[in-house]
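A look at the structure
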Amino acid sequence: MLAREDAAEALQLSRNRQTRGVADGFASANALARDHTSLLDELALHRDQLEAMVAQRTRQLERSNASLAEQQGLLRTVADSVPGLVGYWGADLRCRFANQRYADYHGCTPESMLGKTVRDIVGEVGWGFISPFIVEGLRSARPQNYEREQTLPNGHRRWIDVHLVPHLEAGRVIGFFVLINDITAQRQAAQAVRDAGWESPSDEEKLRTGVMIGSGIGGLPLIENTHAELVARGPR
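Predicted model only: the values in this text are computed from it and were never measured. (Residues numbered from 1 in each chain as written. Predicted model: local features only at pLDDT ≥ 70, side-chain atom pairs only at ≥ 80, totals over all residues. Heavy atoms only, no water.)

A few words on empty space enclosed by the protein. For the coordinates displayed, the defined rule picks out two cavities of 30 Å³ or more. Looking at the largest cavity, its volume works out to about 150 Å³. Around the largest cavity, the lining comprises 17 residues; the ones closest to its centre are Tyr102, Val122, Ile130, Tyr146 and Ile180. Taken together, the elements giving at least two residues each to the lining of the largest cavity come down to helix 2 (100–105), helix 4 (118–140), strand 3 (144–151), strand 4 (157–169) and strand 5 (172–182). Looking at which element gives the most residues to the lining of the largest cavity, the answer is helix 4, with four residues. Among the residues forming the lining of the largest cavity, the class breakdown is 14 nonpolar, two polar and one charged. If you add up the space inside the second largest cavity, you get close to 40 Å³. Lining the second largest cavity are Phe133, Ile134, Gly137, Leu138, Gln144, Leu164, Pro166 and Phe176. (1 Å grid on protein atoms, 1.4 Å probe; cavity = no way out; pocket = protein on both sides within 12 Å on 5 of 7 lines; lining within 4 Å. Points joined across faces, edges and corners; volume = space filled by probe spheres on them. Helix = DSSP H or I, 4+ residues; strand = E, 2+ residues; numbered from the N terminus. Nonpolar A, V, L, I, M, F, W, Y, C, P; charged D, E, K, R; others polar.)

Here it is, written out as structure tokens:
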């Protein structure tokens with residue numbers, strides 16, 4: 001009897017231990033599940049915060065890009081409105097910017113000029129003339145100015161007045177601005193005066209001559225109208 005009772009007691013103790021083991025297992029599983037849920041919640045919170053930060057930064061970048069595009073558009077409008085040829089070249093002598101007049105003058109578009117070298121644009125003859133000024137400007141970091149006659153892609157010959165202005169950063173030349181004015185009319189007028197053999201002895205004579213020429217040019221329409229009226233009606 002005692003042996004059977006001892007066996008039964010041992011069996012019961014074993015079952016109790018198994019039951020406690022199962023219970024402890026469930027408790028551990030529940031704890032892990034709670035920890036896992038808490039971790040997922042924390043990750044979701046961090047994800048939401050990160051998405052909010054990304055969305056905010058995206059909006060800031062979009063506003064910044066819009067502002068930059070507006071500034072670039074304004075710069076383009078101003079440059080294209082300048083009554084002259086405006087460009088910018090890097091120290092590597094490649095075009096970084098050209099206004100519409102500059103591009104039209106060389107038979108290009110502003111976009112097609114970007115990345116091209118000075119030599120690409122002006123050709124070998126032009127490069128041979130202007131390269132000393134560019135080299136000196138880059139070397140000395142001082143503005144350069146020159147006049148030259150140029151043959152355009154359409155065959156027309158023009159006289160231009162060119163200003164090269166170095167762009168400095170921390171004392172180093174990183175590029176140069178170009179401003180070009182067409183002075184063909186002035187050159188032709190000066191040549192006409194020389195061809196006429198007219199010489200003025202003083203500034204006062206030059207001023208009087210200019211006034212007389214200007215008055216005559218301004219009166220031509222009146223002279224023409226008066227002549228037409230005389231022919232149509234006869235003398236009064």
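Next, the rest of the story.
This part covers the layout of surface pockets. Roughly 160 Å³ of internal volume is contained in the largest pocket. In terms of lining, the largest pocket is formed by His106, Ile121, Val122, Val125, Gly126, Arg148, Glu149, Gln150, Thr151, Leu152 and Pro153. Only helix 4 and strand 3 provide two or more residues apiece to the lining of the largest pocket. Along the lines of polarity and charge, the residues of the lining of the largest pocket split into five nonpolar, four polar and two charged.

Let's shift gears to the environment of Cys108. Of note, Cys108 is situated in the loop between helix 2 and helix 3 (110–113). Here the alpha-carbon distance between Cys108 and Ala98, two residues 10 residues apart in the chain, equals 9.9 Å. Cys108 has contacts with Ala103 and Met113, leaving out every residue within four places of it along the chain. (Contact = heavy atoms within 4.5 Å.)

Let's shift gears to the side chain of Thr117. Looking at the secondary structure, you find Thr117 in the loop between helix 3 and helix 4. Thr117 sits in the buried class, given a relative accessible area of 17%. For Thr117, the side chain forms a polar contact with the side chain of Asp120, separated by 3.0 Å. Not counting chain neighbours up to four residues away, the residues in contact with Thr117 comprise Trp89, Leu93 and Arg94. (Buried < 20%, exposed > 50% of the residue type's maximum accessible area, 1.4 Å probe, protein only. Polar contact = N/O pair within 3.5 Å; in protein donor to acceptor, adjacent residues only side chain to side chain.)

Our next topic: the sheet that holds strand 1 (residues 85–90). With antiparallel pairing, the five strands of this open sheet are ordered in space as 2-1-5-4-3. A strand with exactly one partner marks an edge of an open sheet, and here the two such strands are strand 2 (95–98) and strand 3. Averaged over all adjacent pairs, the angle separating strand axes in this sheet is 25°, with direction ignored. Inspection of the sheet shows strand 3 paired to strand 4 by eight bridges, in the antiparallel sense. (Pairing = 2+ DSSP bridges. Axes fitted to C-alpha atoms, helices over the stretch in contact; angles between N-to-C directions.)

Okay, helix 5 (residues 184–196) next. For the α-helix, the turn length of 3.6 residues means that residues three or four positions removed from each other point alike. For helix 5, spanning 13 residues, the distance from its first C-alpha to its last is 18 Å, which sits close to the expected 18 Å at 1.5 Å a residue. In the stretch just after helix 5, Gly197 is the one whose phi turns positive, near 70°. (Expected span 1.5 Å × (residues − 1).)

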